[in-house]
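In case you want the letters, here they are:
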Amino acid sequence: MTPASTTAPKDEKPSFPKEIIRQAIADGKAIIKDGKTKVEAATAMYAKLKSADRETVVVAFVEGAGLTEKGALTYWYNCRRKAVRSK
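Computed from a prediction, not measured in an experiment: that's the story for all the values here.

1. Examining the layout of surface pockets
Link 1 in the chain: Of the voids in this model, the second largest pocket is the one considered here, and its volume is about 190 Å³.
Link 2 in the chain: Among the elements of the structure, α2 (38-49) and α4 (69-85) are those that each provide at least two residues to the lining of the second largest pocket.
Link 3 in the chain: The residue makeup of the lining of the second largest pocket, split by class, is five nonpolar, one polar and four charged.

2. Focus on the packing of α2 against helix α3 (residues 54-65)
Link 1 in the chain: At a closest axis distance of 10 Å, the pairing of α2 and α3 adopts a crossing angle of 140 degrees. With respect to each other, α2 and α3 are oriented oblique. As α2 packs across α3, the resulting crossing turns out to be right-handed. Facing α2, whose interface residues are Lys38, Ala41, Ala42, Met45, Tyr46 and Leu49, α3 presents Val57, Ala60, Phe61, Gly64 and Ala65.

3. Here we look at the confidence of the model for the protein
Link 1 in the chain: A residue-level look at the protein finds 84% of positions with pLDDT of 70 or above and a mean pLDDT of 88.
Link 2 in the chain: Mean pLDDT in the protein bottoms out at α4, which sits at 94, and peaks at helix α1 (residues 18-33), which reaches 97.

4. A closer look at α3
Link 1 in the chain: Look at α3: 16 Å from first C-alpha to last across 12 residues, which is about the 16 Å you get at 1.5 Å a residue.
Link 2 in the chain: Taken residue by residue, α3 has Val57, Val58, Ala60, Phe61, Gly64 and Ala65 as its buried positions. Along the axis of α3, the buried residues cluster in a sector spanning 165 degrees; they form a single face.
Link 3 in the chain: Buried positions along α3 lie against α1, α2 and α4.

5. Focus: the nonpolar core
Link 1 in the chain: By size, the foremost hydrophobic cluster in this structure holds 20 residues, and its most contacted members are Met45, Tyr46, Leu49, Val57, Phe61 and Trp76.
Link 2 in the chain: Contributions of two or more residues to this core are made by α1, α2, α3 and α4.
Link 3 in the chain: Apart from residues no more than four positions distant in its own chain, Trp76 is found in contact with Tyr46, Arg54, Val57, Val58 and Phe61.

6. Description of the pattern of salt bridges
Link 1 in the chain: Using the criterion set out here, one finds three salt bridges in the structure.
Link 2 in the chain: Among the salt bridges present, the one from Lys48 reaches Asp27, with a minimum N-O distance of 2.7 Å. Of this pair, Lys48 sits in helix α2 while Asp27 sits in helix α1; the two residues are 21 residues apart in sequence, bridging distant segments of the chain.
Link 3 in the chain: Exposure remark for Asp27: the relative accessible area of 22% places this residue in the partly exposed category.
Link 4 in the chain: The partner of Arg54 in a salt bridge is Glu55, and the shortest N-O contact between them spans 3.2 Å.
Link 5 in the chain: For Glu55, a relative accessible area of 40% corresponds to the partly exposed category.

Basis of the calculations
- Positions within a chain are numbered from 1, following the residues in the order the chain's sequence is written.
- The predicted nature of this model means local features are confined to residues of pLDDT at least 70 and side-chain atom pairs, given and counted, to a pLDDT of 80 or more, with totals for whole chains, interfaces and linings taken over all residues.
- The basis for every side-chain value is the complete set of heavy atoms in the structure, and neither hydrogens nor water enter the calculation.
- Here the term cavity refers to a set of points on a 1 Å grid, laid over the protein atoms alone, in which a 1.4 Å probe fits but cannot get out; the term pocket refers to an open set having protein on both sides within 12 Å along at least five of seven lines, with lining residues being those that place an atom within 4 Å of a point.
- Grid points are joined across faces, edges and corners, and a volume is the space filled by probe spheres set on the points.
- By the criteria applied, helices consist of DSSP H or I runs no shorter than four residues and strands consist of E runs no shorter than two, each listed in order from the N terminus.
- Residue classes follow a fixed rule: Ala, Val, Leu, Ile, Met, Phe, Trp, Tyr, Cys and Pro count as nonpolar, while Asp, Glu, Lys and Arg count as charged, and any other residue, Gly among them, counts as polar.
- Note on geometry: axes are lines fitted to C-alpha atoms, helical ones only across the stretch in contact, with angles between N-to-C directions running from 0 to 180 degrees.
- Angle categories: roughly parallel below 35 degrees, roughly antiparallel above 145, roughly perpendicular from 65 to 115, and oblique for all the rest.
- By definition, any crossing whose near helix is turned counterclockwise from its far helix by less than a right angle is left-handed, and any crossing with a clockwise turn is right-handed.
- By definition, residues are in contact when any of their heavy atoms lie within 4.5 Å.
- What pLDDT reports is the predictor's confidence in each residue, on a scale of 0 through 100.
- Expected span of a helix, by definition, is 1.5 Å for each gap between consecutive residues, and there is one gap fewer than residues.
- For every residue, the accessible area (1.4 Å probe, protein chains only) is compared with the maximum for its type, and the residue is labelled buried under 20%, exposed over 50%, or partly exposed between those bounds.
- The arc in question is traced by the directions running from the helix axis to the C-beta atoms.
- Joining through side-chain atoms within 4.5 Å is the link that ties buried Ala, Val, Leu, Ile, Met, Phe, Trp, Tyr and Cys residues into a set, and such a set is a nonpolar core.
- Only one rule defines a salt bridge in this text: a Lys or Arg side-chain nitrogen within 4 Å of an Asp or Glu carboxyl oxygen.

Given below as structure tokens:
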């Protein structure tokens, strides 16, 4: 067995600020409440969450834009692709 100090757990990533996540979710809910589309909500949310990991963004999309997990993953992929192309 190797000592715990020599192996780093895979789950230890620098955590994305929770306040930014909460704000992005609130923004997404507000956009949906205003009658705008899920695409508009997800795009606005992604602008705040673009440096977060995929799992964080997908969970935020599910909660803030009302997407399913599979739908949120597709929106994440599309938002990321659009952001890369616009650079």
